[in-house]
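# Structural overview
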Amino acid sequence: MSRFWSEIVDKLTPYVPGEQPALARPVKLNTNENPYPPSPRVVEAIRRELGDNGDTLRKYPDPTARALRATIARHCGLKAEQVFMGNGSDEVLAHVFQALLKHDKPIRFPDITYSFYPVYAQLFGVAFEAVPLNADFGIDVDDYRAPNGGVLLPNPNAPTGRALPLVEIEILLAANPDSVVVIDEAYVDFGAESAVALIDKHPNLLVVQTLSKARSLAGMRVGFALGHEVLIEALTRVKDSFNSYPLDRLAQVAGIAAIEDDDWFRESCAKVIVSREHLTTQLHALGFEVVPSAANFVFTRHPAHDAATLAARLKQKEIFVRHFKLPRIEQHLRITVGNDCECNALIAALRALV
Ligand SMILES: Cc1ncc(COP(=O)(O)O)c(C=O)c1O
């Protein structure tokens, strides 16, 4: 604590992202990045935008990211007014907390979920109730019927990787007509059903997506929200009271190129899904239990080996996986699906350890 700090700073427990090791060739399976590069069209678009001498960078970018929003809207069958852009979906979620989830009643999200949610709740003074997942880490939508200030679920959930079918999301929406239901679809393209198709029927639905995972653009920071114009307007009002230019010029053109190259996107997702199933089989063969995953990571435990010790031993071999020292999951590891070479290195190391 410093006498220069505002009161809230002292009380914050900030989010801790997965380690970005400064090593030449780490096997990095700890932050759910895509193991494959983005579409070559993304690189071309960035070069084109830069031109010969980067002159375009003198000028501010379009504060509304109009062209990118129009591209996303076309891709999703929505209107551009139903799309909100942010600097990564983390920033979009931060605005969602302020714009749509700060009411008298507490919001509800699962007890085991993306660990940024409680951090935003604390930062923005949003009361919340953490709703326990069931014994096999599933979400029971009936647990979200109590009066609330909003509902927030990742689908698939992180760090479990479990997905909810669309019919369950519809039940959730029907049970909460007076609250905003936010579905965080950071990992949806790896095997879950998107709720985007429900947007026109449900004015209380906001879907949040990102180009960080399936489109391999974590380094560009492009996230977005899709929903009824009224919800989007609330987010825009907060954005324009915080940072008018959240997406730089390169991120905007990169985003358009990434969305337009559907073939590249499909192929890259398909490769990750095949690797996920192969990795799951290999982990089972080593005696690990693996939660069924619809994401680009697996959530796993070994009944005879301490998870923190396994993570530490893997790190000694420059293999990074994620361990959360949290109730109910401290014996689990979250492992990002890497390329073949990375998955083989992981399995060889685990074989030696267990
Ligand atoms: C569930 C979930 N939502 C949102 C994000 C944020 O992604 P980004 O800010 O890169 O768009 C992550 C990142 O790992 C995540 O796991």
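## Overview of the packing of aromatic side chains
Summed over all chains, the structure comprises 12 aromatic pairs. Plain terms: the ring middles of Tyr15 and Tyr114 are 5.8 Å apart, the flat faces sit at 70 degrees to each other, and that makes the pair edge-to-face. Here Tyr15, found in the loop between α1 (7-11) and β1 (27-28), pairs with Tyr114, found in the loop between β3 (107-110) and α5 (116-124); they are 99 residues apart in sequence, far enough to count as distant. Judged by its relative accessible area of 21%, Tyr15 falls in the partly exposed class. Between Tyr120 and Phe124, the ring centres sit 6.2 Å apart and the planes meet at 20 degrees, which makes this aromatic pair stacked. Here Tyr120 and its partner Phe124 are both found in helix α5, four residues apart, which amounts to about one turn of the helix.

## What about the nonpolar core?
If you look at the biggest cluster of nonpolar residues, it comprises 51 residues, and the most contacted ones within it are Met85 and Leu226. Among the elements that line this core, the one with the most residues is helix α8 (residues 249-260), at eight residues. In contact with Met85, other than residues within four places in its own chain, are Ala65, Leu68, Arg69, Ile72, Val92, Val222, Gly223, Phe224, Pro246 and Leu247. The next biggest cluster of nonpolar side chains, apart from the first, holds 33 residues, and it includes Leu29, Tyr187, Ala311 and Leu350.

## Remarks on the pattern of salt bridges
Inspection of the entire model under this criterion finds 19 salt bridges. One salt bridge connects Glu33 with Lys28, and the closest N-O pair in it is separated by 2.9 Å. The partner of Glu49 in a salt bridge is Arg249, with the nearest N and O atoms 3.2 Å apart. Here Glu49, found in helix α2 (residues 40-50), pairs with Arg249, found in helix α8; they are 200 residues apart in sequence, far enough to count as distant.

## Focus on the state of the cysteines
Following the criterion strictly, the structure yields zero disulfides and no others. In this structure Cys341 is a free cysteine whose sulfur lies 9.4 Å from that of Cys343, the closest cysteine sulfur available. We classify Cys341 as exposed; its relative accessible area is 60%. Using a relative accessible area of 5% as the deciding quantity, one classes Cys343 as buried.

## Quick notes on the pairing of strand β6 (residues 181-184)
Residue alternation in β6 divides its side chains into two sets, Val181 and Ile183 and Val182 and Asp184, and both sets are buried. Relative to β6, strand β5 (residues 151-154) is paired through four bridges, and the arrangement is parallel. Counted as the bridge partner of Leu153 is Ile183 from β6. Traced from β5 through helix α6 (residues 166-175) to β6, the parallel crossover comes out right-handed. Judged from the four bridges that link them, β6 and strand β7 (residues 205-210) form a sheet pairing that is parallel. Across the sheet, the residue bridging to Ile183 is Val207, located in β7.

## Considerations on α6
Taken residue by residue, α6 has Leu166, Ile169, Leu172 and Leu173 as its buried positions. For α6, the buried positions fall inside an angular range of 110 degrees around the axis, keeping them on one side. For α6, the exposed residues lying more than 90 degrees away from the buried face are Val167 and Ala174. At its buried positions, α6 is contacted by β5, β6 and β7.

## A look at the packing of helix α3 (residues 66-76) against α8
Packing of α3 against α8 leaves a shortest axis separation of 9 Å and a crossing angle of 20 degrees. Our classification of the angle between α3 and α8 gives roughly parallel. Here α3 runs over α8; the crossing is left-handed. Within the contact between the two elements, α3 uses Ala67, Leu68, Thr71, Ile72, Arg74 and His75 and α8 uses Ala251, Gln252, Gly255, Ile256, Ile259 and Glu260. The residue makeup of the contact of α3 with α8, split by class, is six nonpolar, four polar and two charged.

## Points about empty space enclosed by the protein
With the rule as written, the count across this model stands at one cavity of 30 Å³ or more. Its volume calculated, the largest cavity comes out at about 50 Å³. Lining the largest cavity, in full, are Pro38, Ser39, Val42, Ala214, Arg215, Ala258, Asp261, Trp264 and Phe265. Here the residues of the lining of the largest cavity sort into six nonpolar, one polar and two charged.

## Let's talk about the site of the ligand
Around the ligand, the surrounding shell consists of Gly88, Ser89, Asp90, Tyr114, Asp184, Ala186, Tyr187, Thr210, Ser212, Lys213 and Arg221. One of the side-chain N or O atoms of Asp184 is found 2.7 Å from a nitrogen atom in the ligand. One nitrogen or oxygen atom from the side chain of Ser212 is found 2.6 Å from an oxygen atom belonging to the ligand. Look at the ligand: alone it shows 400 Å² of surface, and the protein chains cover 93% of it. When each cavity is represented as a set of grid points, the ligand is found to reside in the largest pocket. Ranked by residues supplied to the shell around the ligand, first place goes to helix α4 (residues 88-100) with three residues.

The rules behind each value
Residues numbered from 1 in each chain as written. Predicted model: local features only at pLDDT ≥ 70, side-chain atom pairs only at ≥ 80, totals over all residues. Heavy atoms only, no water. Phe/Tyr/Trp six-rings, centres within 6.5 Å; stacked < 30°, edge-to-face > 60°. Helix = DSSP H or I, 4+ residues; strand = E, 2+ residues; numbered from the N terminus. Buried < 20%, exposed > 50% of the residue type's maximum accessible area, 1.4 Å probe, protein only. Core = buried A, V, L, I, M, F, W, Y, C linked by side-chain atoms within 4.5 Å. Contact = heavy atoms within 4.5 Å. Salt bridge = Lys/Arg side-chain N within 4 Å of Asp/Glu carboxyl O. Disulfide = S-S within 2.5 Å. Pairing = 2+ DSSP bridges. Right-handed = clockwise from strand over helix to strand, strands pointing away. Arc of directions from axis to C-beta. Axes fitted to C-alpha atoms, helices over the stretch in contact; angles between N-to-C directions. Parallel < 35°, antiparallel > 145°, perpendicular 65-115°, else oblique. Left-handed = near helix turned anticlockwise from the far one by under 90°. Nonpolar A, V, L, I, M, F, W, Y, C, P; charged D, E, K, R; others polar. 1 Å grid on protein atoms, 1.4 Å probe; cavity = no way out; pocket = protein on both sides within 12 Å on 5 of 7 lines; lining within 4 Å. Points joined across faces, edges and corners; volume = space filled by probe spheres on them. Near = heavy atom within 4 Å. Polar contact = N/O pair within 3.5 Å; in protein donor to acceptor, adjacent residues only side chain to side chain. Areas by Shrake-Rupley, 256 points an atom, 1.4 Å probe, with all protein chains shown as cover. Sits in = over half its atoms within 2 Å of the grid points.

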